[in-house]
Amino acid sequence: MEKPVVFAVDDEPSVLAAVTRDLRRRYGADYEVMRAASGAEALEALRELKLANRIVALLLVDQRMPEMTGVELLTQAIELYPEAKRVLLTAYADTDAAIRAINEVRLDHYLMKPWHPPEELLYPVLDDLLDDWRANFHPVFEGVRVIGHRWSADGHRVRDFLARNLIPYRWLDIETDAEAVQLRDLAGAAEAPLPLVVLADGTALSRPSLAELAEKVGLHTRAVSETYDLIVVGTGPAGLASAVYGASEGLRTLLIEREAPGGQAGTSSSIENYLGFPVGLSGADLARRAVAQARRFGAEILTPMEAVKLESQDGYHMLTLSDGSTVASQALIVATGVSYRLLDVPGADRLAGAGLFYGAAITEALGVKDQDVFVVGAGNSAGQAALYLARYAKSVTLLVRGRSLEESMSKYLIERIEEAANIFVKTNASVAELHGEERLEAVSILDSTTGEVARVPAAALFVFIGASPRTDWLGGQLQLDRQGFILSGPDLERQPNRKPDGWMAEREPYWLETSVPGIFVAGDVRWQSTKRIASAVGEGAMAVAFVHQHLKGPSPAQRPAPASGG
Ligand SMILES: Cc1cc2nc3c(=O)[nH]c(=O)nc-3n(C[C@H](O)[C@H](O)[C@H](O)COP(=O)(O)OP(=O)(O)OC[C@H]3O[C@@H](n4cnc5c(N)ncnc54)[C@H](O)[C@@H]3O)c2cc1C
């Protein structure tokens, strides 16, 4: 944390220099001593300090200054720093004004000039005030501050991005938080579209794109090199495992992630069945550990950056990224997982991010404190979300399309849901419509046994209704099944006693190898994968073993012509 500030203001240059010198001598180790030669200059500096999230511990202000008196300055300064201790420097004739100021600006002390020797006249007073200030001081939050409307989709987008990339931020609601308004005005952004992101150095970004935000908060968005031994697309558990094994085994490894490391697992509130964590761990924690491990071995991670096109030529695989740049490698692992299926009912498009959320139970949980919320889905992810939300919300209603949870949810989660007093399960229930203009206000629920539709108030709806593979961007380069999952190894389509369709190498494909030699698949995006974190991690590690075998084979120049189609 940067040092708190002690601020001195006096229009007399010699007095200002003397008081600053005395303050620095005594307090310089623990405080930054700053100064200004007028009230206007002081206010300007205080506004900048506020915007940069700095703390002011004490204001030592001369009463007699032209244009603005010390009391007038303090009247405005306490709007910015109500907790700062206030001391007025006075001459004998100012005593009345100083006494009045005790009431007007809750003055803590007034000091007569001259204050020499400071050991007797200045330091004892200021020591006491600063001790008192420290005793009541609550450290400020130092990270990014996000100002916006609670139910804005753009606000949710920014919050979700920061949370999933493990960047600490503080959310300030413009409608309910006076500090939000003050900070927005200080940034000179009263008219700017929200959300407004105020960075630690005071820079403000109005409704930034995620790429812009990523760059400003220090995420890595440009590849250092044009070629790598191994490129991994996707940083869910499968991609992160590939990177840890690839980089630790000496491969120059690049990871590309369109949203945030952790993938689906990163959105889980509590993973309880992952080997070695008997009391469970959150998805964010797992992602944080895995990212640190991959980086430690030298893997490079680009985020947010999407792979949008794949081309294979002369044994190299070239990826075009969402910023138009390209990177190439001899080996590629596709670990792009699956994405949430969207709710297809009236109102869903309009209210996404404004009360309707896909996943995101962790990011939004605090915002639904003491409210009635709904979770749609009957799988383990829905069960986990319901339990997590129940810690904050007044009630959580789980809407289950089938007749019971037993068909799709683990027993341990069902038992916990039954034990929770504020979780209710509605079976044979599906969402028919979402209501609300600016934000979700109510949900119409269809009971499939009676055919009745009931409209109930709802503060938020969290959707976990399965997922579809993220393979559109491959442009038909790899063999896929009808739903879009990637086929590999023994599952590749082939004529009897022939090599797989489109396969262009002498050897047979390795087990996790796709229909293009050197391109491997791992995790949920693979056809008939297990859809578990442990399996994704295992496949990521295993794919790297096959990458080594592939790289040991003929060099790109010696390899046969490229595979051009699925
Ligand atoms: C809420 C929730 C809770 C869960 N809890 C558990 C649990 O307790 N135990 C368990 O075993 N399993 C759990 N699962 C399932 C588990 O999370 C998944 O099986 C696992 O995450 C799959 O990992 P993956 O790496 O294959 O894919 P994903 O986790 O889906 O990761 C794929 C990544 O690829 C990125 N990506 C996609 N396309 C591109 C592209 N074109 N360019 C760049 N990046 C791209 C995505 O943004 C994503 O980050 C849970 C799932 C959810 C949703």
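Presented here is an overview of the structure given in this document. Within every chain, residues take consecutive numbers counted from 1 along the sequence as written. Since the coordinates come from a predicted model, pLDDT governs what is reported: local features require at least 70, and pairs of side-chain atoms require 80 or more to be given and counted, while whole-chain, interface and lining totals use all residues. Side-chain calculation: all heavy atoms of the structure are included, whereas hydrogens and water are not.

**Regarding the overall build of the protein**
Helix and strand definitions here come from DSSP, where helices need a minimum of 4 consecutive H or I residues and strands a minimum of 2 consecutive E residues; each element is numbered from the N-terminal end. Helix and strand counts for the protein stand at 16 helices and 26 strands. By principal-axis analysis of the C-alpha atoms, the protein measures approximately 105 × 65 × 45 Å. Areas reported here follow the Shrake-Rupley algorithm with a probe of radius 1.4 Å; residue values treat only the protein chains shown as occluding. Summed over all atoms, the accessible surface of the protein reaches about 25900 Å², with 50% contributed by carbon and sulfur.

**Thoughts on the nonpolar core**
Core analysis: the largest hydrophobic core is formed by 36 residues, its most contacted members being F7, L46, L59 and I147. Secondary structure elements with two or more residues in this core: β1 (5–9), α2 (39–51), β3 (56–62), α3 (70–80), α4 (95–104), α8 (178–186) and β8 (196–198). The contact rule is simple, with two residues in contact once any of their heavy atoms fall within 4.5 Å. Ignoring any residue separated from it by four or fewer positions in sequence, one finds F7 in contact with M34, R35, A36, A42, A45, L46, L49, L58, L59 and L60. Grouping buried Ala, Val, Leu, Ile, Met, Phe, Trp, Tyr and Cys residues that are joined through side-chain atoms within 4.5 Å yields what is termed a nonpolar core. Accessible area is worked out with a 1.4 Å probe on protein chains only. A residue is then buried under 20% of its type maximum, exposed over 50%, and partly exposed in between. The next biggest cluster of nonpolar side chains, apart from the first, holds 29 residues, and it includes F357, A378, I417 and I423.

**Some words on a negative patch on the surface**
Like-charged residues are merged into a patch within 9 Å and nonpolar side chains (Val, Leu, Ile, Met, Phe, Trp, Tyr) within 5 Å, provided each residue has over 30% relative accessible area and no salt bridge. The working definition used for a salt bridge is a side-chain nitrogen of Lys or Arg within 4 Å of a carboxyl oxygen of Asp or Glu. For the charge count, each Lys or Arg is scored as positive and each Asp or Glu as negative, with His and the chain ends excluded. By convention, the charge on Lys lies at NZ, on Arg at CZ, on Asp at CG and on Glu at CD. On the surface, a cluster of negative charge is contributed by E406, E407, E418 and E419. Within the element layout of this structure, E407 appears in the loop between β19 (395–399) and α15 (411–419). Classification of E407 as exposed rests on a relative accessible area of 55%.

**With respect to the packing of aromatic side chains**
Any Phe, Tyr or Trp ring, taking Trp's six-membered ring, that has another such ring centre within 6.5 Å forms a pair; planes under 30 degrees apart are called stacked, those over 60 apart edge-to-face, and the others tilted. The final tally for this structure, using the stated rule, is nine aromatic pairs. Consider the rings of Y27 and Y31, whose centres lie 6.3 Å apart with planes at 85 degrees: the pair is edge-to-face. One exposure class covers both Y27 and Y31, and it is buried. Through pairs of rings, three or more aromatic residues link up here, namely Y27, Y31, Y123, W133 and F137. Charge-over-ring placement is defined geometrically: NZ (Lys) or CZ (Arg) within 6 Å of the ring centre, and within 35 degrees of the ring normal. Across the ring face of F297, the terminal group of R296 is positioned such that the distance to the ring centre comes to 4.9 Å.

**Digging into the pattern of salt bridges**
If you walk through the whole model with that rule in mind, you get 31 salt bridges. A salt bridge links E119 to R25; its shortest N-O distance comes to 3.4 Å. Residue E119 is found in helix α5 (residues 118–121), and its partner R25 is found in helix α1 (residues 13–27); the two are separated by 94 residues along the sequence. Salt bridges linked by common partners bring R164, R258, E259, E306 and R470 together as one network.

**Points about the site of the ligand**
Distances are taken per atom, and a residue is near a molecule or strand as soon as one of its heavy atoms is within 4 Å of it. E257, Q264, N273, R470 and D524 are the nearest of the 37 residues found near the ligand. Polar contacts, as counted here, are pairs of nitrogen or oxygen atoms within 3.5 Å of one another; within protein the pair requires one atom able to donate a hydrogen and one able to accept it, and residues that are adjacent in sequence qualify only if both atoms are side-chain atoms. One nitrogen or oxygen atom from the side chain of R470 is found 3.1 Å from an oxygen atom belonging to the ligand. Here an oxygen atom of the ligand sits 3.3 Å away from a polar atom, N or O, in the main chain of R532. In isolation the ligand exposes 1000 Å². Once the protein is present, 96% of that is buried. Taken together, the elements giving at least two residues each to the shell around the ligand come down to α10 (237–248), β16 (338–340), α14 (380–389) and α16 (533–552). Just so you know the grouping, Ala, Val, Leu, Ile, Met, Phe, Trp, Tyr, Cys and Pro go in nonpolar, Asp, Glu, Lys and Arg go in charged, and all remaining residues, Gly too, go in polar. Class assignment for the residues of the shell around the ligand results in 16 nonpolar, 13 polar and eight charged.

**Some details on the sheet that holds strand β4 (residues 85–90)**
Between any two strands, at least two bridges found by DSSP are needed for them to pair. Taken in spatial order, the five strands of this open sheet run β2-β1-β3-β4-β5, and their pairing is parallel. The sheet is open, and its two edges are formed by β2 (32–36) and β5 (109–112), each paired on a single side. Adjacent strand axes in the sheet meet at a mean angle of 20 degrees, parallel and antiparallel pairs treated alike. Where β4 meets β5, four bridges bridge the pair, whose relative direction is parallel. Paired with L88 across the two strands is Y110, which belongs to β5. Helix axes are fitted to C-alpha atoms over the stretch in contact, other axes to C-alpha atoms as well, and angles between N-to-C directions run from 0 to 180 degrees.

**Notes on the environment of Q371**
Relative to the helices and strands, Q371 is located in the loop between α13 (361–364) and β18 (372–376). Q371 gets classed as partly exposed once you look at its relative accessible area, which sits at 24%. When the C-alpha positions of Q371 and A393 are compared, they lie 5.0 Å apart, and in sequence the two are 22 residues distant. Setting aside its immediate chain neighbours within four residues, Q371 contacts A393, K394, S395, R439 and A459. A polar atom in the side chain of Q371 sits 3.3 Å from the backbone oxygen of G367.

**Observations regarding α16**
Taking 1.5 Å per residue, 20 residues should reach 28 Å; α16 reaches 29 Å between its end C-alpha atoms and fits that length. Packed against the buried residues of α16 are β10 (227–233), α10, α11 (283–296), β15 (326–334) and β26 (519–521). The length a helix should cover is 1.5 Å for every residue beyond the first.

**A few points about the sheet that holds strand β9 (residues 204–206)**
Strand order in the open sheet made by the four strands is β7-β6-β8-β9, with mixed pairing throughout. The sheet terminates laterally at β7 (169–173) and β9, the two strands that pair on one side only. Ignoring which end each strand starts from, the neighbouring axes of this sheet average 20 degrees apart. Where strand β6 (residues 144–148) and β8 come together, three bridges link them in antiparallel fashion. Bridge pairing links I147 to L196 in β8. Across the face of the sheet, α8 comes into contact with β6, β7 and β8 while running at roughly 100 degrees to β7.

**Describing the side chain of S444**
Along the polypeptide, S444 turns up in strand β22 (residues 442–447). Only 2.7 Å separates the side chain of S444 from the side chain of H435, close enough to count as a polar contact. Discounting chain neighbours no more than four positions away, the residues touching S444 are S430, V431, A432, E433, H435, V453, A454 and R455.

**Considering the environment of V453**
Along the chain, V453 turns up in strand β23 (residues 453–457). Here the alpha-carbon distance between V453 and P554, two residues 101 residues apart in the chain, equals 64 Å. Residue contacts for V453: discarding those within four places in its chain leaves A432, S444, I445 and L446.

**A look at the environment of V244**
Residue placement: V244 occurs in helix α10. For V244, a relative accessible area of 9% corresponds to the buried category. As for V244 and V291, which are separated by 47 residues in sequence, their C-alpha atoms are 8.5 Å apart. Look past the residues within four positions of V244 in its chain and what remains in contact with it is A290, Q293, A294 and F297.

**Quick look at unusual backbone geometry**
Across the junction of K113 and P114, the peptide omega takes the value -10 degrees, indicating a cis bond. For D370, which is not glycine, the phi dihedral falls at a positive 60 degrees. Assignment of secondary structure puts D370 in the loop between α13 and β18. Judged by relative accessible area, D370 falls into the exposed class, the value being 54%. Look at Q528: it is not a glycine, yet its phi comes out positive at around 60 degrees. Along the chain, Q528 turns up in the loop between β26 and α16. By relative accessible area, Q528 is classed as exposed at 60%.

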